[in-house]
Amino acid sequence: MTSTHRLSLTVNGQAHDCEVEARLTLADCLRDKLDLTGTHLGCEHGVCGACTVVVDGAAVRSCLIFAVQAQGAEIKTVEGLADGDRLSDLQQAFHDNFALQCGFCTPGFLATAEAFLSENPSPTRAEVQSAISGNICRCTGYVSIIDAILETAARRRGEPV
Amino acid sequence: MKPPKFDYFAPTEIADALTLIAEHGEDSRFLAGGQSLVPMLNFRVAAPSALIDLNRVAELQQVRVDDSGDLHLGAMTRTRQIECDPVIGAANPLLQAAASHIAHVQIRNRGTIGGSLAHADPAAELPGIVLVCNALLHIAGPAGKRVVIAEAFFESVFSTALADGELLTEIVFPAWPAARRWAFQEVSRREGDFAMVGIAAWFDTDDDNRITEARLAAIGAGDTPLRLPSAEAALVGNVADAALFADAAQAGIADLQPGSDIHASAEYRREVGGVLVGRVLTQAWERN
Amino acid sequence: MTPPYIGQSVKRLEDQRLLTGTGRYIDDIKLPGMKVMAIFRSPHAHARIRRIDLSAARALPGVTDVFSAHDIDMDLPEIPLRLAPFEGFERFLQRPIAADKVRYVGEPVAVVIAADRYIAEDALDLIGVEFEPLPAVTTVDQAIAGDTLIHEDAGENMGTRYTVARGDTDSAFADAPYTRRERFVTNRHGAVPMETRGLIADFEPDTPLLRLHGATKVNFFNRRHLADAFGLPEDAVELIETDVGGGFGARGELYPEDYLVPIASRRAGCPVKWIEDRRENLTATNHSRDIVCDVEIAATEDGRILGVRATVQGDMGAYIRTNGGVVPSKAAQFLPGPYRVPDFSCDVQFLITNKTPVGTFRGPGRFEVNFCRERLLDMMAKDLGIDSAEIRHRNLMQPAELPYRIGELVPGDADATFDRGNYPSAMNRLLDEAGYDDWKDRQGDIIDGRAHGLGIACFIESSAAGPPESATITIRPDGKVEIRTGASSVGQGTETGLAQICADGLGIDIAAIDVFHGSTTLVETGGGTFHSRNTVMAGNATRIAADTLRDRALDLGALRWNCDRVDLVYEDGAVARSGERLSLADLATFAEARGERLFADALFDNEKKLSYSYGAHAALVAVDVATGIVEVKKYVLTEEIGRALNPAMVQGQAVGGLVQGLGGTFLDHMVYDADGQLLTGSFADYLLPTSDGLPEITAIALEESPSEFNPMGFKGAGEGGIVAVAAAVGNAVSHALAAYDISITELPITPDRLRKALRDTGV
């Protein structure tokens, strides 16, 4: 039945070419073909948000997109946030606020938060709470994650934290 | 939970999409936002032989308001756009408000109105809105084009008037008077979950606050979204006030045909559906 | 950050790799030549296996091998009991793969080894199994009735049954002025960590070497049993711990897959990876809770408890696995809680049903019975016209009554003793923070259209059970300090905590320290991570190792300088004498030149003297009576933890536990139908708490009563946040709806159930 498809996509600013079966999800393409294992699979049915990445500026479930659909797309994953060893401001805020414990859901939260803050740079606490309600964390209880996102927003606006 | 094999096509024209689906027959499916279909593939409860990806058909993504004020949404319009686009919000604020209840932002970034309508989940918001707004569903297929009114589109659970090989191309919402009262409320277990029951309503009044026209629809209360004619009948011709809304709520319960599942019983949906009718009408009245 | 580190919210060492996506979870590991495994699992809850046809699956291109029980050329052992191995359980143990019968949906029946998971699942679709379905036993009552036997040879579906007691409940109840009896039902739910389970086995029988990646929690115990199962010497088995995406009690126990993945590797002659997907996880990983408690209280007219007697029935699922009878046994043991209950008896029953087996989940048994007891106390308070806080004041044990030997409330555990503490103080702090006095006369008030209620609950919780724990500290010549421990990390910040202790113990900068944990290749032996024991056990082991290492440093310094030890002091990471210093790096270099290493081993054994944390919870709820929707507006908890190693991490445990507890109260529920099919087999139906509906949270760690049973005074702080949530919320909702005579006795609390109860009273 299936043939493979040639695929070109840009991930964290780097161009990649590969050949994939149509059914290979974007999540599995990132993890297995491109060795970017920072994006995690928590459910593969679009509920938990651990696999969230940013595709052409929008936070999406990479377990619900086939890699072939991402042809030509610009994808940002957790691996693209830090500058070498230097954490991004959002990552630093997560660190400062103890917004992670086991870390498995964290890449999905970071992607969701980055996309959210680029659309809403001055969110209220309630808006942040709603924005992350599609990402499940079993460890932290969310409060520190919300704190970290608000702190980042304030920093980016040049406000004291 | 990996999907089974399928052939994949990504046409850029509607005509090609129709040709492809006809060629690959019964086992092939259109792929819209994928937020409902891909989980089904991952669970292997669906195993289409071919997926015809509509995400590159530009013609299906057009959004415009015509000279009459009717809102035209291409079937592949993302629900996130419906939630956020001021043009859409001005043309139909009820639609925009309901869209923000759909799942979560990551789902809305991919999910489409056409996909939601074709999937026809009885608890989904957009089918309810399309019904309450009396929208027209434009369809293209092997036999050519046709238009189906919302009321005739939803047939049963996950089942619509779309025939094999047909494609939803556009949804047209009638113009929305600025003075119209409207509201949408649903109850769900958590934010973003499917509604246990939800009510969408709008009504127009004359200078004496007498209701001239009203439409209500319920989601999660039947095999399809349901109009509430008994509630509508209770409203039209009467002066809008709390007592009237309570009567309409009581009347509307008779129109509900809910089932039970592990999240809510039929009794719950019927009862709370009635409560929401009252609350939605009150909220609509208190807007402005 | 500057020392001392203990007691400071030191930022986590683990974060750099986890935040940058460079953590190494089991699915991130790829070994050369590795194949992938998938498991064909029973679709039936109870059935005989008539025929297995693997031919089509075997023929699929990309498939290396497919096997079932009949193809395995070794005696498959029973998965052992690790905890609470009560007599009778030996009849209900599970073998790693079903041979002629399946007993729960999800039980392994066949295994596929293929090039990747996509192909492996294609092969699963080609496996043909002919089942002869049998009636499913899906309730405790059906299990007791025994019309269908799940393990025929056992002759019953009762795993075991015993009674525990202290004092004399017969006389306590005989003339009691007040008694009340209620039945409480708690929901089957479970750990459901964000990362599903996974293993990579690399089995070289000729070496021999079995290396198992993805192990955690109790690696040394598991190694012993796997070595035995495969006829290998223990040192030929290595259990390697990777980064772990949460455990909460369910991950790391011995499961069928711990045997099947090595078997697959041996058959395939290459490493084999198995990653559980979420659908599997919900049926294949231990469930928990699911206790029915029939409890009766006897008291004086002014609400002083005379006695409590109860029956606890645990639905254990189809087999008894490694956690044995922990859940119901701890339920019985913690039912009296921190209260003065001189006479107590409990009949504990362990029922076998056609469901996923039950194991531990954060606060096992406690979450359930705290709900039962605290609800019953509030019912008693209402009956007697006594305020909820006041009734607790009257019954909480006072400091002068502690330590208190609680009696043999778990068979074989006769010495359990609540240590010194001040329960009323922790409750008073809670009442103060929660504004209890403002609310106690406003219970049931309608505010913004909703009925409000404030519920409180007290708890006591144990920690640090189990065998001794190890730590080795080694100084490298370049100055890096390495801690190796047999304790595991499941994400709770073990590396950071131990580094803090080591840094203070050695007087060095924490940045110099690397921590390696869990893998059996690191240390000789280890106790593992469960029952919130890491800080106590591994923490103290680390401290002892640091003390020993300072001593060695002084010895080395004396050698190096050819002087008397007494002339030297150890300070700030160096051995010193007037003006001269030898850093640990210098000493390690010196040691290396002598062909030695500068290191110290330690083992900490608390001799089974558990530490007891305690405290209280309060929940303020608003109930929309017309829809049954409950909002938890505010949540306050106090938890006496002895000594906070890292306050921010302690807070993280409390808040994380609390939110999991809210899930267990309102959302999480494993629902089975009458055929034993799991209706909540995906995240669409099994609901976990999200950021939606988060209350305003105040979690207060108290450090008033350091543990006497370990030198550093720590108590475990991993479970206090969860154990009283259903209790406090159940009481809050009952207060809010008292006017309608609604009394919560069942979990979860759902809008549908609330509306039904309200409808039944005519609202």
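As a convention, each chain's residues are numbered from 1 in the sequence order in which they are written. Throughout, the order in which chains and ligands are written sets their labels, letters from A for the former and numbers from 1 for the latter. Given that this is a predicted model, residues contribute local features only at a pLDDT of at least 70 and side-chain atom pairs are listed and counted only at 80 or more, while totals for whole chains, interfaces and linings are drawn from all residues.

**Describing the overall build of chain B**
Strands are runs of DSSP state E lasting at least two residues, helices are runs of H or I lasting at least four, and both sets are numbered from the N terminus onward. A count of helical and extended segments in chain B gives 12 helices and 14 strands. If you line up chain B on its principal axes, its C-alpha atoms span 60 × 45 × 30 Å. Buried residues in chain B amount to 57% of all 288 residues. To sort residues by burial, count the other C-beta atoms lying within 10 Å of each one's C-beta; a count of 20 or more means buried, 12 or fewer means exposed, and anything in between means partly exposed. C-beta atoms are built from the backbone.

**Overview of the interface of chain C and chain A**
Taken together, the contacts link 43 residues of chain C with 41 residues of chain A. Looking at the side of chain C that touches chain A, the elements that each hand over two or more residues are helix 1 (15-19) and helix 17 (647-666) of chain C. Considering each element in turn, the side of chain C that touches chain A owes the most residues, 8 residues, to helix 17 of chain C. Note that Gly is not counted as nonpolar here; it falls among the polar residues with everything else outside the nonpolar set of Ala, Val, Leu, Ile, Met, Phe, Trp, Tyr, Cys and Pro and the charged set of Asp, Glu, Lys and Arg. For the side of chain C that touches chain A, the per-class residue count stands at 19 nonpolar, 15 polar and 9 charged. What counts as a contact here is a pair of residues whose C-beta atoms, placed from the backbone, lie within 7 Å.

**Here's the deal with the domain arrangement of chain C**
By a widespread convention, an interface's size corresponds to the accessible area lost as its parts come together. All names here are of chain C. All domain edges in this entry derive from an automatic or database-based domain assignment. Examined at the domain level, chain C breaks down into domain 1 (15-22 + 466-604), domain 2 (31-134 + 196-244 + 251-284) and domain 3 (367-463 + 610-760). The straight-line distance from the C-alpha centre of domain 2 to that of domain 3 is 38 Å. Each side of the interface is counted separately: domain 2 has 8 residues, and domain 3 has 9 residues. Grouping the amino acids of the side of domain 2 that touches domain 3 by side-chain chemistry returns 4 nonpolar, 2 polar and 2 charged.

**A few points about the sheet that holds strand 21 (residues 450-463) of chain C**
Residue and element names in this part refer to chain C. Ordered by their spatial adjacency, 5 strands build an open sheet running 20-21-29-30-31, and the pairing between neighbours is mixed. Two strands bound the open sheet, and with one partner strand each, they are strand 20 (446-447) and strand 31 (696-702). Convention adopted: a line fitted to C-alpha atoms gives each axis, helices being fitted over their contacting stretch, and angles between N-to-C directions are expressed from 0 to 180 degrees. Contacting strand 30 (629-640) and strand 31, helix 17 runs over the sheet at an angle of about 130° to strand 31. By this definition, two strands are paired if DSSP reports at least two bridges between them.

**Some points on the domain arrangement of chain B**
Residues and elements named next belong to chain B. For chain B, the assigned domains read domain 1 (7-53), domain 2 (58-173) and domain 3 (181-286). Computed over C-alpha atoms, the centres of domain 2 and domain 3 are 21 Å apart. On the side of domain 3, 21 residues touch domain 2, which itself brings 22 residues to the contact. Elements represented by at least two residues in the side of domain 2 that touches domain 3 include exactly helix 5 (93-99), helix 8 (125-132) and strand 8 (154-156). Of all the elements, helix 8 adds the most residues to the side of domain 2 that touches domain 3, at 6 residues. Residue composition of the side of domain 2 that touches domain 3, grouped by class: 15 nonpolar, 4 polar and 3 charged.

**What about the packing of helix 9 (residues 326-334) of chain C against helix 10 (residues 366-384) of chain C?**
Residue and element names in this part refer to chain C. Close contact between helix 9 and helix 10 brings their axes to 8 Å; oriented N to C, the two are set at 35°. Relative to helix 10, helix 9 is oriented so that their crossing is right-handed. Along its contact with helix 9, which presents Lys330, Ala331 and Phe334, the element helix 10 presents Arg366, Glu368 and Val369. Looking at the contact of helix 9 with helix 10 residue by residue, the class counts come to 3 nonpolar, no polar and 3 charged. If you view the pair so one helix is near and one far, a crossing is left-handed when the near helix is turned anticlockwise from the far one by less than a right angle, and right-handed when it is turned clockwise.

**Section: the interface of chain A and chain B**
Contacts between the two partners involve 23 residues from chain A, matched on the other side by 22 residues from chain B. If you list the elements that add at least two residues to the side of chain A that touches chain B, you get strand 4 (58-61) and helix 4 (125-131) of chain A. By residue class, the composition of the side of chain A that touches chain B is 9 nonpolar, 11 polar and 3 charged.

**So, the pairing of strand 15 (residues 291-299) of chain C**
All names here are of chain C. Counting buried residues in strand 15 gives 7 out of 9 residues, a clear majority hidden from the surface. Two elements, strand 15 and strand 16 (residues 305-315), share 9 bridges in a ladder whose sense is antiparallel. The residue of strand 16 that forms the bridge with Ile291 is Gly314. The turn joining strand 15 and strand 16, which pair antiparallel and follow one another in sequence, is formed by 5 residues; a positive phi near 75° is taken by Gly303.

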